[in-house]
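Residue-level structure breakdown
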Amino acid sequence: MVSEKTGRLATLALERSPWRSARWLVIAPHADDETLGAGALIHQAAEAKRLAGVVILTDGAGSHDHPDVASRARLIRSRRLEAGRAVRRLAGAAAVPPVFLDWPDAQPASPGNTMFETTARRLAALCCERRVDAIAVTGPDDPHCDHQAAAQLARRAARIARRPVSVFDYVVWGTAPSKAKLRITTRPLRAGLRAYALSSHQSQLTPIFGQGFRLEKERGLRAASDTLYRRDAYG
């Protein structure tokens, strides 16, 4: 909460917060966001046997131009494999394969759209099936359209899930949300682990698929811990 005396946002360590025993679902708009924004959470939740899973929203094909359909399919297949490898490196023996929702990259559905509502119901069912207590997702203030859509989708799923689910934002490319009510932090990752997980995403770090998006690796490795922001009653 924000202190009435100081106006400062309260910060709690995850292991001392009301969500210390929560089962966490991490939603990443693209394969690599799970490592950049929630890698420490994935690792800490997995160590405590409280990781419900990782969901990747988009197919990732928009990071590069494609001369043909086969090239696009190869990139999608590679990004799936990379995401699975990154999650295994972060979660270790507790890792389960990511769930891929395969939305078209950079073409998000809007609330009320059939694809949006169908996906929200799928996530709500997943929350019940895996006993999810909290979702970590990119925030609605993030500058990327897919990150904003992921935030909307998580909140919709939390509202219709047949169990209480809190939603927290994590930051990838944006800044800390100004309307947060609470901030929680994970334990720091051991040195090199986030970099090791991020190195799984060779399609985004190297020119193996030609010219296209190139991840600024150092930007995502500055923080050893993850910071999660809670905005309101739903997350």
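Up top you'll find the structure we're talking about.
Numbers given to residues run from 1 along each chain, matching the order in which its sequence is written. It should be noted that, the model being predicted, local features are given only for residues of pLDDT at least 70 and side-chain atom pairs only at 80 or more, the latter also being counted only at that level, while totals for whole chains, interfaces and linings use all residues. To obtain the side-chain values, all non-hydrogen atoms of the structure were included, while hydrogens and water were left out.

1. Quick word on the pattern of salt bridges
To keep it simple, the criterion reads: Counted as salt bridges are all cases of a side-chain nitrogen of Lys or Arg within 4 Å of a carboxyl oxygen of Asp or Glu. For helices the rule is a DSSP run of H or I covering at least 4 residues; for strands it is a run of E covering at least 2, with both sets numbered from the N terminus onward. Burial here depends on accessible area, computed with a 1.4 Å probe over protein chains only, as a share of the maximum for the residue type. Under 20% is buried, over 50% is exposed, and the range in between is partly exposed.
Applying the stated criterion across every chain, the model contains 11 salt bridges. A salt bridge links D32 to R79, with the shortest nitrogen-to-oxygen separation between them at 3.5 Å. In this pair, D32 is assigned in the loop between strand 2 (24-28) and helix 1 (33-47) and R79 in helix 2 (residues 69-91), connecting sequence segments 47 residues apart. Exposure remark for D32: the relative accessible area of 4% places this residue in the buried category. Since its relative accessible area comes to 4%, R79 is described here as buried. The network of salt bridges with common partners includes D141, R155, D169 and R231.

2. A look at the layout of surface pockets
Put simply, the rule reads: Here a cavity denotes a set of grid points, spaced 1 Å apart and computed over the protein atoms alone, in which a 1.4 Å probe fits but from which it cannot get out, and a pocket denotes an open set meeting protein on both sides within 12 Å along at least five of seven lines; residues with an atom within 4 Å of a point are reported as lining. Grid points are joined across faces, edges and corners, and a volume is the space filled by probe spheres set on the points. Residues were grouped as follows: Ala, Val, Leu, Ile, Met, Phe, Trp, Tyr, Cys and Pro as nonpolar; Asp, Glu, Lys and Arg as charged; and all remaining residues, including Gly, as polar.
The volume enclosed by the second largest pocket comes to roughly 180 Å³. Forming the walls of the second largest pocket are 13 residues, and the residues nearest its centre are H30, R79, H144, Q204 and F213. When grouped by side-chain class, the residues that make up the lining of the second largest pocket number three nonpolar, six polar and four charged.

3. A word on unusual backbone geometry
Backbone geometry places D102, a non-glycine residue, at a positive phi of 60°. One can find D102 in strand 4 (residues 99-103).

4. Structural notes on the packing of helix 3 (residues 114-129) against helix 4 (residues 145-160)
Quick note on the threshold: Axes here refer to lines fitted to C-alpha atoms; in helices the fit is confined to the stretch in contact. Angles between the N-to-C directions go from 0 to 180 degrees. Relative orientations are named as follows: roughly parallel for angles under 35 degrees, roughly antiparallel for angles over 145 degrees, roughly perpendicular for angles from 65 to 115 degrees, and oblique for any other angle. For a crossing to be left-handed, the near helix must be turned anticlockwise from the far one by less than a right angle; the clockwise case is right-handed. We call two residues in contact when some of their heavy atoms are within 4.5 Å.
Interhelical geometry of helix 3 versus helix 4 gives an angle of 55° and a closest axis separation of 8 Å. Classed by the angle they form, the pair helix 3 and helix 4 counts as oblique. The handedness of the crossing between helix 3 and helix 4 comes out as right-handed. Every residue of helix 4 that contacts helix 3 at F116, E117, T119, A120, R121, L123 and A124 is listed here: A149, Q152, L153, R156, A157 and I160. Here the residues of the contact of helix 3 with helix 4 are counted per class, giving eight nonpolar, two polar and three charged.

5. Structural notes on the nonpolar core
To keep it simple, the criterion reads: Buried residues of nine kinds, namely Ala, Val, Leu, Ile, Met, Phe, Trp, Tyr and Cys, make up a nonpolar core once their side-chain atoms join them within 4.5 Å.
One finds W19, W24, V26, L41, Y170 and L228 to be the most contacted residues of the largest nonpolar core, which totals 36 residues. Listing elements by their share of this core, those giving two or more residues are strand 2, helix 1, strand 3 (51-58), helix 2, strand 5 (134-138), strand 6 (166-170), strand 7 (182-185) and helix 5 (193-198). Ranked by the residues each element gives to this core, the list is headed by helix 1, at seven residues. The next biggest cluster of nonpolar side chains, apart from the first, holds 27 residues, and it includes V55, F116, A124 and L126.

6. Details of the side chain of T58
This is how the line gets drawn: Each polar contact in these results corresponds to two N or O atoms within 3.5 Å; when the atoms are within protein, one needs to be able to donate a hydrogen and the other to accept it, and residues that are neighboring in sequence are counted only if both atoms are side-chain atoms.
As for its placement among the helices and strands, T58 is situated in strand 3. With a relative accessible area of 4%, T58 lands in the buried category. From its side chain, T58 meets the backbone oxygen of P29 in a polar contact 2.8 Å long. In contact with T58, not counting residues within four places along its chain, are P29, H30, D102, W103, P104, D105 and D146.

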